[in-house]
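Coordinate analysis (summary)
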Amino acid sequence: MNYKTKVYPLNLDFHGKVFEIYSFLVETSIGPVLIETGPHSSFDNLVKGIQKCGYKKEDIQHVFLTHVHLDHGGGAWCWADLGAKIYVHPEGYRHIHDPAKLLASAQRIYGDLMDWLWGTLKPIATDQLQIVGDEEIISIGDSNFRSIHTPGHAKHHTAWQLGNVLFTGDVAGVRMDKGPVIPPCPPPGIHIEDWVTSIDRCLAIKEIDTYYLTHGAEITDLNSHMTKLKELLWAQANFIKPHFDAKTPVNDIIKPFQKFIQADLIAQGVSEDELKRFESANPTSSNVHGLLRYWEVKERGD
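Let us look at the structure shown here.

Criteria and cut-off values
Residues numbered from 1 in each chain as written. Predicted model: local features only at pLDDT ≥ 70, side-chain atom pairs only at ≥ 80, totals over all residues. Heavy atoms only, no water. Phe/Tyr/Trp six-rings, centres within 6.5 Å; stacked < 30°, edge-to-face > 60°. Buried < 20%, exposed > 50% of the residue type's maximum accessible area, 1.4 Å probe, protein only. Helix = DSSP H or I, 4+ residues; strand = E, 2+ residues; numbered from the N terminus. Lys NZ or Arg CZ within 6 Å of the ring centre and 35° of its normal. Core = buried A, V, L, I, M, F, W, Y, C linked by side-chain atoms within 4.5 Å. Polar contact = N/O pair within 3.5 Å; in protein donor to acceptor, adjacent residues only side chain to side chain. Contact = heavy atoms within 4.5 Å. Pairing = 2+ DSSP bridges. Axes fitted to C-alpha atoms, helices over the stretch in contact; angles between N-to-C directions.

Observations regarding the packing of aromatic side chains
Scanning the entire structure with this criterion turns up 15 aromatic pairs. On the basis of an interplanar angle of 75° and a centroid distance of 6.1 Å, the ring pair of phenylalanine 14 and phenylalanine 19 is categorised as edge-to-face. Of the residues examined, phenylalanine 14 reaches a relative accessible area of 6% and is grouped as buried. The buried category is assigned to phenylalanine 19, whose relative accessible area is 12%. On the basis of an interplanar angle of 10° and a centroid distance of 4.5 Å, the ring pair of phenylalanine 64 and tyrosine 87 is categorised as stacked. In this pair, phenylalanine 64 is assigned in strand S4 (residues 62–64) and tyrosine 87 in strand S5 (residues 85–88), connecting sequence segments 23 residues apart. According to the relative accessible area criterion, phenylalanine 64 is buried, its value standing at 0%. These aromatic residues form a ring-pair network of at least three members: Phe14, Phe19, Tyr110 and Trp118. One residue, lysine 241, lies across the ring of tryptophan 295, its end atom 5.3 Å from the ring centre.

Below, the structure is given as structure tokens:
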């Protein structure tokens, strides 16, 4: 069966089109299911998208998260308040059950922009959360969702398979308007070897012919896309390594790293005008911090 006929990508119009965030409505025999919620700040836009598909927000009784970063699962509590069951990786459970630390950290980072950018986070009761192990099958009506634990971008990352399609979260990177793939490497959970292993694991599932990216929607050129992503992950990590070894101040790394990234984007056909959009979608400073953290963890042997 071609499950693509059951999938409706919903662009959340996150503060315009600078940074695309998608949720995915999947039709089953007992009603619609959501993959990803996006942030709390996009809840109303998501509801509008659901309504355009012919459903009400109360029809959503099952929500699958790839991970609990704000742009993917920050709005999950809204759906729990409406009675939905939230399916989450074991390592993500504590952050979404009691998000106080996650919220405090985000508020420190984003300050006065927090509410506008992401909204807020609220606890989700235990009986509305379901921890999902690796390779576990969750059956909703006639549809079987298979969890694939895919660490690398985050320890608590899960990709969800439905027949011939895979909802990839961030394991397949970011890809806007069918342009070049870019690897999002924010701190603190980046682990390149784990990410490459996760990519290979996804590619090994031969029945899958379509990926749905939370940041970029549908792609079908799976092998070339993932091969390029692996190349970029190692290239960017290896660019940062000498700076890590030399203890170069972070602010002195950002500009040369940005030039390195932009040179590759231009080589792949991105115009000078589009570079600002790519920077907004995947900030250089965030990736520098994430990759420095990766090398720090490697050095400690964690």
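Notes on the nonpolar core
Trp79, Ile86, Ile96 and Tyr211 are the most contacted members of the largest nonpolar core, which totals 77 residues. Ranked by size, the runner-up nonpolar core spans 19 residues in total, among them Ile35, Tyr87, Val132 and Tyr212.

Focus on the side chain of arginine 175
With respect to the helices, strands and loops of the structure, arginine 175 is situated in the loop between strand S10 (165–169) and helix H7 (192–203). Polar side-chain contacts of arginine 175 include one of 2.8 Å to the side chain of aspartate 221. Polar side-chain contacts of arginine 175 include one of 3.2 Å to the side chain of histidine 225. Beyond its immediate stretch of four places on either side in the chain, arginine 175 contacts Pro180, Val181, Leu213, His215, Gly216, Ile219, Asp221 and His225.

Side note on the pairing of strand S7 (residues 137–140)
Of the two faces of S7, the one holding Ile138 and Ile140 is buried and the one holding Ile137 and Ser139 is not buried anywhere. Direction of pairing for S7 relative to strand S8 (residues 143–149): antiparallel, over a ladder of 4 bridges. Across the sheet, the residue bridging to isoleucine 137 is arginine 146, located in S8.

What to know about unusual backbone geometry
The omega angle of the peptide bond from proline 187 to proline 188 is 5°, so this bond is cis rather than trans. With respect to the secondary-structure elements, proline 188 resides in the loop between S10 and H7. A positive phi angle is found at glutamate 36, which is not glycine, with a value near 75°. If you trace the backbone, glutamate 36 turns up in the loop between strand S3 (31–35) and helix H1 (43–52). Unlike most non-glycine residues, lysine 247 shows phi in positive territory, near 55°. Mapping lysine 247 onto the fold places it in the loop between helix H8 (222–245) and helix H9 (250–267). Take lysine 247: its relative accessible area is 72%, and that puts it in the exposed class.

Structural notes on the sheet that holds S4
Read from one edge to the other, the open sheet built from 6 strands follows the order S1-S2-S3-S4-S5-S6, with strand pairing classed as mixed. Two strands in the sheet have a free side with no partner beyond their single neighbour: strand S1 (7–11) and strand S6 (129–131). The sheet shows a mean angle of 25° between the axes of neighbouring strands, direction not considered. In this sheet, S3 lies alongside strand S2 (residues 22–28) in antiparallel orientation, the contact comprising 5 bridges. Bridge pairing links phenylalanine 24 to isoleucine 35 in S3.

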